[in-house]
Amino acid sequence: MPHLKATLFDPVTAGDLRLANRIVMAPLTRNRAPDAVPTALMAQYYTQRASAGLLITEATAISQQGQGYADVPGLYAEEQVEAWKNVTQSVHAAGGKIVCQLWHVGRVSHTSLQPGGGKPVAPSAITAKTKTVLLKSGVPEFVETSEPRALQAYELPDIVHAYAAAARNAVDTAGFDGVEIHGANGYLLDQFLKSGSNQRRDDFGGSIENRARFPLEVVRAVTDAVGAGRVGIRLSPVTPANDAFDPDPQPLFDYVVRELAAYNLAYIHIIEGATGGPRELSDRPFDYTGLRRAYRAAGGRGAWMVNNSLDKPLAEQVVREGADLVAFGRPFIANPDLVERLRRNKPFNEGDRSTYYGGGAKGYTDYPTLGKP
Ligand code: 8OZ
């Protein structure tokens, strides 16, 4: 057999997931789940995009404490889990695969969203210099995040259990093909990893090993709950999103992926550069090829997924250079048939930013597809 070069449109396996192509819809927060319950409109939105090799849902809270934004979905109350069933059934009927992104925002929250109006929780009591989105009469309103309180070590097992319970809800009840642990973008797990947000002096702060301890406990619990072949994780080594910062990210993330190698995850999902922004940051250099090599050298066999500001030539390049999967975010908002547009080299629709967060069908399920060729 001649060796055929992989294209974006070839099937690929990621752990237990057999995917029709290498094109992934990245998680996209859309704030259209009133009371954290997924809607029929959300089922329609995901189903329209089911030609992606894999759909990753918008970030979905594992607990009320994990909530940080208005009208984002959850996966901790029965009503939420039941409603997600409609989404997965509809996507599966259209031939798609879908995993749910498990989310705890940590300090990126507001007291008005927390149980009992309490402070958001974090590794350390350091306020994030960032904003969250509340909705005022359906209109998005950006507000400063609230000052968090530092979690006590004895509280951490409950959060680990909440991740595992949400993973079981996703796979065993709601019918998802798997879950993605949100370890990126300055949310709780990323807050533990990076010293800008983690100043703890116990076993969960200080050294790289200590800062990675809690995120890796979450990985262990989630893989125990649903099987590692159905679990991916998203990481963003240098993103400045939500005030994330570590002065020395390379050894930190090299360590994290080496540890992840032992878990046999379905995939590792890396945001290269600034989330939704430039892929290279002059003040935060990072060697992503070195990161992948560190994972492979440690025996990691999961699919390697690359994200951020890709176009077709760049996506083809990263696959040539060793990525197994490429994740597109914003292009999927305005192009439900993005896979077809990539295949036929057709231009993309432009997204309407004013309808990204909150609202109804407008700017959500009404983007046009290409006609028949
Ligand atoms: C945009 C708006 C709100 C949340 C992330 C979950 O950055 C998000 C998010 C993005 O991962």
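Relevant structure appears above.
Residues numbered from 1 in each chain as written. Predicted model: local features only at pLDDT ≥ 70, side-chain atom pairs only at ≥ 80, totals over all residues. Heavy atoms only, no water.

Peer 1: In this structure, what is going on with the packing of helix α5 (residues 208-226) against helix α6 (residues 249-260)? I would like to understand it.
Peer 2: Interaxial distance between α5 and α6 falls to 10 Å at its minimum, and their mutual angle equals 35°. Seen along the crossing, α5 lies across α6 with a hand that is right-handed. Here Ile208, Glu209, Arg211, Ala212, Leu216 and Val219 of α5 lie close against α6, whose contacting residues are Pro251, Leu252, Tyr255, Val256, Glu259 and Leu260. Each residue belonging to the contact of α5 with α6 can be placed in one class, and the counts come to 9 nonpolar, no polar and 3 charged. (Axes fitted to C-alpha atoms, helices over the stretch in contact; angles between N-to-C directions. Helix = DSSP H or I, 4+ residues; strand = E, 2+ residues; numbered from the N terminus. Left-handed = near helix turned anticlockwise from the far one by under 90°. Contact = heavy atoms within 4.5 Å. Nonpolar A, V, L, I, M, F, W, Y, C, P; charged D, E, K, R; others polar.)

Peer 1: Looking at this model, I keep getting lost on the nonpolar core. Mind explaining?
Peer 2: Side chains of a nonpolar character, in soluble globular proteins, are inclined to be buried together. Phe214, Val222 and Leu260 are the most contacted members of the largest nonpolar core, which has 93 residues in total. Setting aside anything within four residues of it in sequence, one finds Val222 in contact with Leu102, Tyr163, Ala164, Ala167, Val179, Ile181, Gly227 and Val231. (Core = buried A, V, L, I, M, F, W, Y, C linked by side-chain atoms within 4.5 Å. Buried < 20%, exposed > 50% of the residue type's maximum accessible area, 1.4 Å probe, protein only.)

Peer 1: Would you mind going over the site of the ligand with me for this structure?
Peer 2: Every residue near the ligand is listed here: Thr29, Ala59, Tyr69, Trp103, His182, Asn185, Tyr187 and Tyr357. With respect to the ligand, the side chain of His182 contributes an N or O atom lying 2.7 Å from an oxygen atom. Between an oxygen atom of the ligand and a side-chain N or O atom of Asn185, the distance comes to 2.8 Å. Within the complex, 80% of the 300 Å² of free accessible area of the ligand lies under protein. Counted by class, the shell around the ligand contains 5 nonpolar, 3 polar and no charged residues. (Near = heavy atom within 4 Å. Polar contact = N/O pair within 3.5 Å; in protein donor to acceptor, adjacent residues only side chain to side chain. Areas by Shrake-Rupley, 256 points an atom, 1.4 Å probe, with all protein chains shown as cover.)

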